[in-house]
Amino acid sequence: MNEWLVIAGIACHAFSGVPGLFMRRDTAGGQRLALGLSVLGSALGMAVALAAFWAPTQSIAFIRLDALAAIFLIPIFWVSALGSIYGLEYWPQMKYPENGRKLRLFYGLVTAGLAGIAVSANSILFLFFWEVMALGAFFLVTTEDHEREVRDAGILYLVSTHFSTLCLFALFAIWHLVTGTFALGPLPPGAVTPTMATVIFILLLVAFGIKAGLMPFHVWLPGAHAAAPSHVSALMSGVLIKIGIYGLARMVSWLPDPPVWWGGLLLVLGTVSGILGVVFALGQHDLKRLLAYHSIENIGIIVMGLGLAMVGRSLQVSTWIVLGLAGALLHVWNHGLFKSLLFLSAGSVVHSTHTRSIDKLGGLAAAMPLTALFFAIGAVAICGLPPLNGFVSELLIYLGLFRTLGLGTEPSWGVAAFSAALLAMIGALAVACFVKAFGAIFLGSARSDSAREAHESGRAITGPMFALALCCLVIGLFPRLVCPLLQQGVAVWIPSYDGQLPSLAMMAPMGWISVVGLTLVGLLLAIGALWGLRLRRSRVGAAGTWDCGYAAPSPHMQYTASSFAQMLGVFFVWVLRPQVHASGKQTVFPGPAHFRSHVMDVVLDEILRPLYQVGVRITTAFRYFQGGNIHAYLAYIVIFLILLLLWK
Amino acid sequence: MSQVFMHIFILLLVPPLLLGVIGKTKALFGGRKGPPLLQPYYDLIRLFQKGTVFSTTTTWVFRAGPVVGLATTLLAGMLIPFGGHGAPVSFAGDMILFAYLFALGRFFTASAALDTGSAFEGMGAAREVTFSCLAEPALFFCFLVLAKLSASLSLTTMLSGTCPLGTGVEAPALVLVAASLFVILLVENSRIPFDDPNTHLELTMIHEVMVLDHSGPALGLIQYGAAMKLFVMGSVLLRVVAPFAAPSAWADWGLFILGMLALAVVIGVVESAMARFRMVFVPTFLVAACLLSAFGVILLLR
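Residues numbered from 1 in each chain as written. Chains lettered and ligands numbered in written order. Predicted model: local features only at pLDDT ≥ 70, side-chain atom pairs only at ≥ 80, totals over all residues. Heavy atoms only, no water.

**Student:** Sorry if this is basic, but what is going on with the overall build of chain B here?
**Tutor:** Broken down by element type, chain B carries 12 helices and 1 strand. Reading the secondary structure of chain B in the N-to-C direction produces α-α-α-β-α-α-α-α-α-α-α-α-α. At 19 Å, chain B has a C-alpha radius of gyration in line with the 19 Å of a compact globule built from 302 residues. When the 302 residues of chain B are sorted by exposure, 63% land in the buried category. (Helix = DSSP H or I, 4+ residues; strand = E, 2+ residues; numbered from the N terminus. Rg over C-alpha atoms; globule rule 2.2 N^0.38 Å. Buried < 20%, exposed > 50% of the residue type's maximum accessible area, 1.4 Å probe, protein only.)

This is how it looks when you write it as structure tokens:
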């Protein structure tokens with residue numbers, strides 16, 4: 001029964017954009033209909049997913065609805081529905097008659113594809129939904145395909161996602177070879193040889209790593225996120241890349257007897273992704289690219305948790321499994337919430353100022369108070385700071401990593417503990433990056449006319465942001481609420497323990513987090529109120545900012561995002577490799593000077609592009625055979641068939 | 001219960017005294033009489049009675065800075081055991097909360113600085129967040145060592161003095177941690193040789209330059225918060241270096257406060273004996289602190 005309901009929910013999303021195709025381009029009816037279907041589908045899907053935590057069912061052979069699937073389904077439906085509401089104002093059909101219909105069609109299809117992947121229990125079905133999602137996302141990224149930058153980002157995404165699909169085809173072919181069936185499920189111990197298991201692991205790491213944007217497979221991610229409309233970026237960053245995590249987590253749980261190095265490799269990749277993601281984010285001038293690099297960072301944190309759980313599984317330490325995996329799964333939710341919130345806030349800024357360049361903004365908090373508040377909440381949450389949700393999931397992963405030290409009589413795998421210190425560094429770097437972004441965009445005074453003329457967005461934009469911010473606050477203050485859900489998810493991931501898993505609520509101080517969080521809120525209010533009373537009774541003046549006596553300060557003298565990140569840029573110059581274009585030495589009477597710098601993506605620009613050039617040079621020789629002459633092609637077919645006949 | 005009240009009482013009242021002791025020590029070394037020991041209290045009272053001037057560029061973020069800074073420090077102070085008494089709030093993982101509370105305070109004080117739109121305050125904010133990117137891993141390496149030695153994930157147990165000293169590699173690991181914590185203490189609280197709270201040149205400051213535009217009670221909140229931060233972080237170091245407990249509860253409180261004042265004297269001596277480093281050396285020292293405590297972890301892992 002429940003399976004049919006989730007299929008109905010998926011179908012609602014899949015067809016949400018279809019009626020609009022048959023309506024006039026310049027009317028809003030199709031958009032409202034799409035919104036209605038999307039909200040209906042999401043409500044159905046979320047209700048069924050919640051029920052699945054307590055009553056997992058598999059009455060249809062090719063659909064599996066259990067706690068792990070439900071954990072991924074809930075953010076998919078939630079973020080997608082909120083994005084549809086946001087789209088009403090951000091991408092109205094009346095304003096974008098040429099591409100609004102296409103956008104909504106593929107938005108619904110991608111949501112359907114994502115939800116379909118999460119419930120597929122059959123590799124053919126999985127691949128079908130995977131391609132719906134992957135190709136749909138290509139059309140979403142290239143919504144504004146009249147711009148060259150967008151087309152480039154789209155092509156890069158298409159190439160990457162095809163490579164990922166290629167690996168999946170190989171993976172499922174091997175899976176079929178080993179198991180003899182297309183059904184997906186746990187493999188019994190000894191079903192695969194260690195070599196074969198390693199091949200499968202590497203294939204799924206690459207396939208899902210590309211989709212998740214794990215370093216070094218992240219090359220498509222920044223461009224695609226920046227090019228897409230903001231609610232699409234929110235969907236992609238919030239939930240689409242998590243489907244890579246879902247695939248990874250689900251498939252590794254089915255492989256029997258994982259060696260320790262699998263978990264170790266995931267831990268290393270996660271840590272590298274985390275640090276380099278945030279370092280690259282520090283080097284960005286484009287708000288949405290900055291957020292995109294933060295997705296790479298957070299995927300890194302999630303993979304750290306997953307790696308820890310894998311190590312725990314190999315060494316049979318249940319506490320590491322529970323803490324690592326629960327942290328990873330909760331971070332999937334949390335990142336889905338606060339990153340969508342940040343992308344929607346960024347969209348609100350872009351909607352109002354028509355620029356994504358951080359250094360052209362400034363002082364928006366006065367004109368856009370709600371957007372500024374929601375961005376600040378998202379920023380505090382993504383930095384993992386209390387009392388918001390990011391802190392809870394990072395705390396779980398920290399606790400797990402600290403426990404690898406082997407406290408007292410517990411087993412130890414101490415090298416993992418170094419990840420704890422590096423995670424602390426990731427956190428501090430994230431604070432630096434978000435103070436930079438928040439400060440340069442919303443604080444100080446405006447650096448350009450477009451920033452000066454900014455205005456607050458309407459309710460369709462701020463409403464979804466409010467909903468997401470509220471979720472961040474609720475999970476941050478009352479993490480006990482999600483504890484049972486996470487426990488169920490972990491139990492599904494490692495069925496062999498069968499009720500023997502330690503309780504998450506016992507190991508993690510969920511109650512204390514609530515106490516401390518509420519106390520913090522109380523203290524803030526109390527100190528604020530005391531100060532407010534004091535202010536009311538004393539003289540309050542207003543004056544310009546202290547400018548050290550300089551007579552004519554201008555907004556251009558403010559610290560910009562680039563100058564703010566300059567010192568950190570110097571630390572990490574070995575990986576950032578900034579390209580600087582500046583005017584040369586000046587004479588006694590200096591003329592106008594200019595300075596420009598931008599940061600390349602090391603993996604894409606210094607490794608993949610040169611490799612690609614080599615590939616192009618080699619394959620150019622074969623272009624002779626593909627001259628567009630259809631007779632020649634027919635001749636090739638005949639020759640090839642004759643060769644095949646000779647061979648067999 | 002009375003223990004909790006005593007803890008809060010000390011946390012609220014003693015911190016400015018530390019600044020007084022540091023000032024007096026420096027004055028003695030300089031051959032001056034110096035301001036009275038209670039001068040920081042007089043300063044705070046005077047600031048709280050003054051009016052306030054807000055810059056016209058600022059928003060609510062500017063006002064949130066001092067409030068968040070003080071509230072987070074206060075809460076962090078509740079996680080640290082003072083002397084042999086356990087902390088009022090103690091649970092598995094509270095050291096992570098401890099570090100992250102300061103990060104929350106930093107987020108808002110740095111944002112408040114950027115809210116003024118002044119280049120100088122931007123400089124200060126950039127330096128503050130940059131240096132803490134190196135201080136944070138150093139602090140966590142210290143926590144890792146303490147967690148391993150005390151087999152616990154809670155600050156109260158970590159700092160209870162139950163670490164087995166004198167046998168094997170534990171003592172060197174603790175020495176490394178103490179050195180690392182001292183550097184973190186000086187950097188995070190903007191003391192000489194890393195930063196000079198008394199300098200009057202905006203270009204060279206870190207923490208002080210962030211608060212140029214705060215006045216009256218807001219400045220009072222910031223200075224009170226800064227004193228409390230020094231006290232709280234200092235008490236972590238004190239418990240690592242001297243985890244002693246006196247026989248009776250009241251003697252123990254006294255011993256703890258005496259220990260903190262001694263720490264203030266040490267900081268005063270360091271400030272008198274050293275000149276401020278150039279800004280470029282601050283990261284070098286922080287990396288050194290990081291590596292010291294990382295070696296501590298390696299020693300214990302073997």
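Structure shown, so let's carry the discussion forward.
**Student:** Sorry if this is basic, but what is going on with the side chain of S340(A) here?
**Tutor:** All names here are of chain A. Looking at the secondary structure, you find S340 in helix α14 (residues 318–353). Only 2.4 Å separates the side chain of S340 from the backbone oxygen of G336, close enough to count as a polar contact. Discounting residues that sit within four places of it in the chain, S340 has contacts with V79, A234, G238, H335 and L468. (Polar contact = N/O pair within 3.5 Å; in protein donor to acceptor, adjacent residues only side chain to side chain. Contact = heavy atoms within 4.5 Å.)

**Student:** What's the story with the domain arrangement of chain A in this structure? I'm lost.
**Tutor:** How big an interface is tends to be stated in terms of the accessible area lost upon association of its parts. All names here are of chain A. Structurally, chain A comprises domain 1 (261–529 + 558–576) and domain 2 (595–624). Computed from C-alpha coordinates alone, the two centres of domain 1 and domain 2 are separated by 33 Å. At the junction of the two partners, domain 1 supplies 7 residues and domain 2 supplies 6 residues. Summing both partners gives a buried area of about 500 Å² for domain 1 against domain 2, and 53% of it is carried by carbon and sulfur. Connecting domain 1 to domain 2 are 1 residue pair in polar contact (both at pLDDT 80 or more). (Domains from an automatic or database assignment. Buried area = accessible area lost by both parts, 1.4 Å probe.)

**Student:** Help me understand helix α21 (residues 483–493) of chain A in this model?
**Tutor:** Since there are 3.6 residues in each turn of an α-helix, residues three or four apart along the chain are aligned in direction. Taken as a whole, α21(A) has its buried residues at C483(A), L485(A), L486(A), G489(A), V490(A) and W493(A). Looking down the long axis of α21(A), one finds its buried residues gathered within 160° of arc, a one-sided arrangement. (Arc of directions from axis to C-beta.)

**Student:** Teacher, can you tell me more about empty space enclosed by the protein here?
**Tutor:** Which parts of space are left empty comes out when a probe the size of a water molecule is rolled across the atoms. Within the structure shown, the criterion is met by 9 cavities of 30 Å³ or more. The calculated volume of the largest cavity comes to roughly 160 Å³. Together, 16 residues line the largest cavity, and A34(A), S84(A), R104(A), Y107(A) and H231(A) are the ones closest to its centre. Elements with a contribution of two residues or more to the lining of the largest cavity: α3 (29–54), α4 (67–90) and α5 (100–119) of chain A. Across the lining of the largest cavity, the residue classes tally to 6 nonpolar, 9 polar and 1 charged. The volume enclosed by the second largest cavity comes to roughly 80 Å³. Lining the second largest cavity we find R127(B), E128(B), F131(B), S132(B), V187(B), E188(B), S190(B), I206(B), H207(B) and K229(B). For the lining of the second largest cavity, the secondary structure elements donating two or more residues are α6 (119–150) and α8 (170–188) of chain B. Here the element with the most residues in the lining of the second largest cavity is α6(B); it accounts for 4 residues. (1 Å grid on protein atoms, 1.4 Å probe; cavity = no way out; pocket = protein on both sides within 12 Å on 5 of 7 lines; lining within 4 Å. Points joined across faces, edges and corners; volume = space filled by probe spheres on them. Nonpolar A, V, L, I, M, F, W, Y, C, P; charged D, E, K, R; others polar.)

**Student:** Is there a simple way to explain the packing of helix α5 (residues 94–115) of chain B against α6(B) in this structure?
**Tutor:** Helix-helix packing is described using two parameters, namely the angle between the two axes and the distance between the axes. All names here are of chain B. In the contact formed by α5 and α6, the axes pass within 9 Å of each other and the chain directions differ by 175°. Taken together, the axes of α5 and α6 lie roughly antiparallel to each other. Where α5 abuts α6, its residues M95, I96, F98, A99, Y100, A103, R106, A110, A113 and L114 lie against E121, G122, A125, E128, V129, S132, E136, L139, F140 and F143. (Axes fitted to C-alpha atoms, helices over the stretch in contact; angles between N-to-C directions. Parallel < 35°, antiparallel > 145°, perpendicular 65-115°, else oblique.)

**Student:** What am I meant to see in the interface of chain A and chain B here?
**Tutor:** With 72 residues of chain A at the interface, the matching set in chain B holds 80 residues. Buried area between chain A and chain B, summed over both chains or domains, comes out near 6,400 Å², and the portion from carbon and sulfur atoms is 81%. Scanning the region where chain A abuts chain B turns up 0 salt bridges. There are 13 residue pairs in polar contact (both at pLDDT 80 or more) connecting chain A and chain B. Of all the secondary-structure elements, those providing two or more residues to the side of chain A that touches chain B are α15 (364–367), α16 (369–382), α17 (389–403), α18 (417–442), α23 (510–537), β1 (540–543) and α25 (566–571) of chain A. Of the residues in the side of chain A that touches chain B, the class split is 53 nonpolar, 15 polar and 4 charged. Of the strand pairs in this sheet, β1(A) and strand β1 (residues 52–55) of chain B are connected by 4 bridges, and their pairing is parallel. By the bridge assignment for β1(B), V540(A) is matched with T52(B). (Salt bridge = Lys/Arg side-chain N within 4 Å of Asp/Glu carboxyl O. Pairing = 2+ DSSP bridges.)

**Student:** Please explain the environment of L330(A) as it appears in this structure.
**Tutor:** The topology assignment puts L330(A) in helix α14. Once residues lying within four places of it in the same chain are set aside, the contact partners of L330(A) are V392(A), S393(A), L396(A), I475(A), V482(A) and L486(A).

**Student:** What is the right way to look at the pattern of salt bridges in this model?
**Tutor:** Two side chains with opposite charge may pair up if their charged atoms get near one another. Residue and element names in this part refer to chain A. Counted by the stated rule, this structure contains 13 salt bridges over all chains. The closest approach of N and O atoms between R250 and D66, which form a salt bridge, is 2.8 Å. Taken as a pair, R250 in helix α11 (residues 242–254) and D66 in the loop between α3 and α4 lie far apart in primary sequence, 184 residues in all. Like R250, the residue D66 is buried in the burial classification.

**Student:** Got a minute to help me understand α11(A) in this structure?
**Tutor:** The first and last C-alpha atoms of α11(A) sit 19 Å apart over 13 residues, in line with the 18 Å expected at 1.5 Å per residue. Of all 13 residues making up α11(A), 13 are buried, and the element is well covered by its neighbours. (Expected span 1.5 Å × (residues − 1).)

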